[in-house]
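# Residue-level structural notes
Letter by letter, the chains look like this.
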Amino acid sequence: MPSTLDDFAVISTIGSGSYGTCRKIRRKKDGKVLAWKEMDYGSMTETEKQMLVSEVNLLRELRHSNIVRYYDRIIDRSNTTIYIIMEYCDRGDLASLISRCRRDEVYMEEDFVWKILVQITQALQECHRRKNGKAVLHRDLKPANIFLDSDENVKLGDFGLARVLHHETSFAKTYVGTPYYMSPELVNNMSYNEKSDIWSMGCILYELCALRPPFTASNQHELNKKIRVGDFARIPNKYTDGLNNVVAKIIRVEVHKRPTIDEVLNEPLVMKKRTSLGLDFNQRDE
Ligand code: ATP
Ligand code: MG
Ligand code: MG
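The structure presented is a predicted model; accordingly, all values stated were derived computationally and were not measured.

Cut-offs and rules
- Along each chain, numbering runs from 1 in the same order as the chain's sequence is written.
- Ligands are numbered from 1 and chains lettered from A, in the order in which they are written.
- Restriction of local features to residues with pLDDT of at least 70 applies here, the model being predicted, together with a cutoff of 80 or more for giving and counting side-chain atom pairs; totals for whole chains, interfaces and linings are based on all residues.
- Side-chain metrics in this entry use all non-hydrogen atoms of the structure; hydrogen atoms and water are not considered.
- Working definition: rings of Phe, Tyr and Trp (its six-membered ring) pair if their centres are within 6.5 Å, and the pair is stacked with planes under 30 degrees apart, edge-to-face with planes over 60 apart, and tilted otherwise.
- In this description a helix means any DSSP run of H or I spanning at least four residues, a strand means any run of E spanning at least two, and both kinds are numbered starting from the N terminus.
- Residue burial is assigned from relative accessible area. The probe radius is 1.4 Å, only protein chains are included, and a residue is buried under 20% of its type maximum, exposed over 50%, and partly exposed in between.
- It suffices for a single heavy atom of a residue to lie within 4 Å of a molecule or strand for the residue to be listed as near it.
- Under this definition, polar contacts are N or O atom pairs within 3.5 Å; protein pairs additionally need one hydrogen-donor-capable and one acceptor-capable atom, and for neighbouring residues in sequence, both atoms have to be side-chain atoms.
- To be clear on the numbers: accessible area is Shrake-Rupley with a 1.4 Å probe, and residue cover counts the displayed protein chains and nothing else.
- Just so you know the grouping, Ala, Val, Leu, Ile, Met, Phe, Trp, Tyr, Cys and Pro go in nonpolar, Asp, Glu, Lys and Arg go in charged, and all remaining residues, Gly too, go in polar.
- Distances define the donors: N, O and S atoms within 2.8 Å of the metal qualify, as do those within 3.2 Å of Na, K or Ca. Water is excluded, so some sites may look unfinished.
- When DSSP locates at least two bridges between a pair of strands, those strands are taken to pair.
- In a helix, the anticipated span is given by 1.5 Å times the number of residues less one.
- Throughout, a contact is declared for two residues whenever any of their heavy atoms are within 4.5 Å.
- Lines fitted to the C-alpha atoms define the axes, with helices restricted to the stretch that makes contact. Angles between their N-to-C directions range from 0 to 180 degrees.
- For any helix crossing, the convention is left-handed if the near helix is rotated counterclockwise from the far helix by under a right angle, and right-handed if that rotation is clockwise.
- An angle below 35 degrees is treated as roughly parallel, one above 145 as roughly antiparallel, one from 65 to 115 as roughly perpendicular, and anything else as oblique.

### Points about the packing of aromatic side chains
As enumerated under the stated definition, the model contains eight aromatic pairs in all. For the pair Tyr70 and Phe159, a centre-to-centre distance of 5.8 Å together with 85° between the ring planes defines the contact as edge-to-face. With Tyr70 in strand 4 (residues 70-75) and Phe159 in the loop between strand 7 (154-156) and helix 4 (161-165), this residue pair connects regions lying 89 residues apart in the sequence. On the accessibility criterion, Tyr70 (3% relative accessible area) is buried. Since its relative accessible area comes to 5%, Phe159 is described here as buried. A ring pair is formed by Trp199 and Phe215, whose centres lie 5.5 Å apart and whose planes are at 10°; its orientation type is stacked. Taken together, the positions of Trp199 in helix 7 (residues 194-210) and Phe215 in the loop between helix 7 and helix 8 (220-229) put the pair 16 residues apart, joining distant regions of the chain. Of the two residues examined, Trp199 and Phe215, each falls in the buried class.

### Observations regarding the site of ligand 1
Near ligand 1 there are 17 residues, and of these Ser18, Lys37, Glu87, Cys89 and Asp158 occur at the shortest range. Note that an oxygen atom of ligand 1 is positioned 3.0 Å from one of the side-chain N or O atoms of Lys142. Burial of ligand 1 by the protein amounts to 81% of the accessible area it has alone, namely 610 Å². Those elements that place two or more of their residues in the shell around ligand 1 are strand 1 (8-17), strand 2 (20-27) and strand 5 (81-87). The element that contributes the greatest number of residues to the shell around ligand 1 is strand 1, accounting for four residues. Across the shell around ligand 1, the residue classes break down as seven nonpolar, five polar and five charged.

### Here we look at the coordination of the magnesium ion (ligand 2)
Within the protein, the magnesium ion (ligand 2) binds to Asn145 (OD1) and Asp158 (OD); these donor distances fall in the range 2.0 to 2.1 Å. Here the magnesium ion (ligand 3) and the magnesium ion (ligand 2) are spaced 3.2 Å from one another, each receiving a donor from Asp158. Of this pair, Asn145 sits in the loop between helix 3 (110-128) and strand 6 (146-148) while Asp158 sits in the loop between strand 7 and helix 4, and the two are 13 residues apart along the sequence.

### A short note on the pairing of strand 3 (residues 33-40)
Among the eight residues of strand 3, six are classified as buried, and the element is accordingly described as predominantly covered. Where strand 2 folds back on strand 3, the antiparallel hairpin that results is connected by five residues, among which Gly31 adopts a positive phi of roughly 75°. In this structure, strand 3 lies alongside strand 5, joined through seven bridges in antiparallel fashion. Paired with Met39 across the two strands is Ile82, which belongs to strand 5.

### Focus on helix 1 (residues 46-60)
When the terminal C-alpha atoms of helix 1 are compared, their 21 Å separation across 15 residues agrees well with the 21 Å that a helix rising 1.5 Å per residue should span. Three or more residues of helix 1 are buried, namely Lys49, Leu52, Val53, Glu55, Val56, Leu58 and Leu59. Tucked into the core, helix 1 has its buried residues touching strand 3, strand 4, strand 5 and helix 4.

### Some thoughts on the packing of helix 7 against helix 9 (residues 241-250)
Angle between the axes and distance between the axes: these two values describe a pair of packed helices. Orientation of helix 7 relative to helix 9, taken along the N-to-C sense of each, is 150°, at an axis distance of 8 Å. Taken as a pair, helix 7 and helix 9 cross one another with a handedness that is left-handed. Here Ile198, Met201, Gly202, Leu205, Tyr206 and Cys209 of helix 7 come into contact with helix 9, specifically with Leu243, Val247 and Ile250. By residue class, the composition of the contact of helix 7 with helix 9 is eight nonpolar, one polar and no charged.

### Overview of the packing of helix 3 against helix 11 (residues 268-276)
In the contact formed by helix 3 and helix 11, the axes pass within 10 Å of each other and the chain directions differ by 105°. For the element pair helix 3 / helix 11, the angle class is roughly perpendicular. Listed contacts from helix 11 to Asp111, Trp114, Leu117, Val118 and Gln122 of helix 3 are Leu269, Val270, Lys273 and Arg274. Here the residues of the contact of helix 3 with helix 11 sort into five nonpolar, one polar and three charged.

### Side note on the environment of Glu105
For Glu105, the location among the structural elements is in the loop between helix 2 (94-104) and helix 3. Given a relative accessible area of 72%, Glu105 falls into the exposed group. For the pair Glu105 and Leu211, spaced 106 residues apart in the sequence, the C-alpha separation amounts to 9.3 Å.

### Here we look at unusual backbone geometry
Of note, Asp158 is a non-glycine position whose phi angle comes to about 45°, a positive value. You will see that Asn189, though not glycine, has its phi angle at about 65°, which is positive.

### What to know about the sheet that holds strand 4
Reading across the sheet, the five strands line up as 1-2-3-5-4 and stay open at both edges, with antiparallel pairing between neighbours. Of all strands in the sheet, those with a lone pairing partner are strand 1 and strand 4, marking the two edges. The average angle at which neighbouring strand axes cross in this sheet is 25°, direction not considered. Where strand 1 and strand 2 come together, eight bridges link them in antiparallel fashion. In the sheet register, Gly17 faces strand 2, and the bridge partner there is Gly20.

Structural data, given as structure tokens:
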């Protein structure tokens, strides 16, 4: 039996973004706490509705311990709102962790950075794995969208669903907030692809070490210039050359020189850390 709105009760509102509102909910039959995202369905064109629903269907197939689980979607009777039901994460995200470290003026431990690096890489590998010829692109990778659980394991969430609806070139225009993690090809109005996720991931890993993104500026024009050139300072000297080199290899302006997710995972040092940190077991849950 498919779920209906009556199967859930709203507990509280988590927050609203540019494309909808997230609420904490309870599934009545077993009391399980979940979250849903409400998006304005009524104002979408038929094509957009189809694209959104098929993207959510792809997200529902992603079952991995480092990815927020997407369970279901419900469209209300009047066809005005779509509710996307997902796992609830309440242990914070990388953005708040980074700002706490910045406030307290402490750098993260190197092995903690490796743990996050390996887990984000594993999550993206699962997304980029082509199922029936279709990869899932995250499209909105930034520290605020990477959640943590009680053991400080990563959960990749808040996929850029609304971006699926906008055609390629409008990405820059639909971006709200300062796009520190936007790749050079998107700055140049080219289409979003797997490598754009990889770039954003590199910027996030850099920020975990340096406590600021690799490219910053006080206005969009200056930021775009810096991203296109792609120069950034070494991560703090506290960190090893090995970590610095892996991060620097990911933030490559030229798309064809930027590694794929499999290439990142096959880096000898990444493989070594994956084993030594005990992260090399099967992360896919059926
Ligand atoms: P934008 O999408 O415009 O970048 P946003 O991500 O803050 O902004 P929403 O996507 O609507 O806006 O999310 C609202 C809030 O819900 C955010 O604080 C987000 O971190 C939180 N949130 C998203 N997914 C989950 C989840 N699975 N569990 C708990 N909180 C979540
Ligand atoms: Mg978010
Ligand atoms: Mg969001």
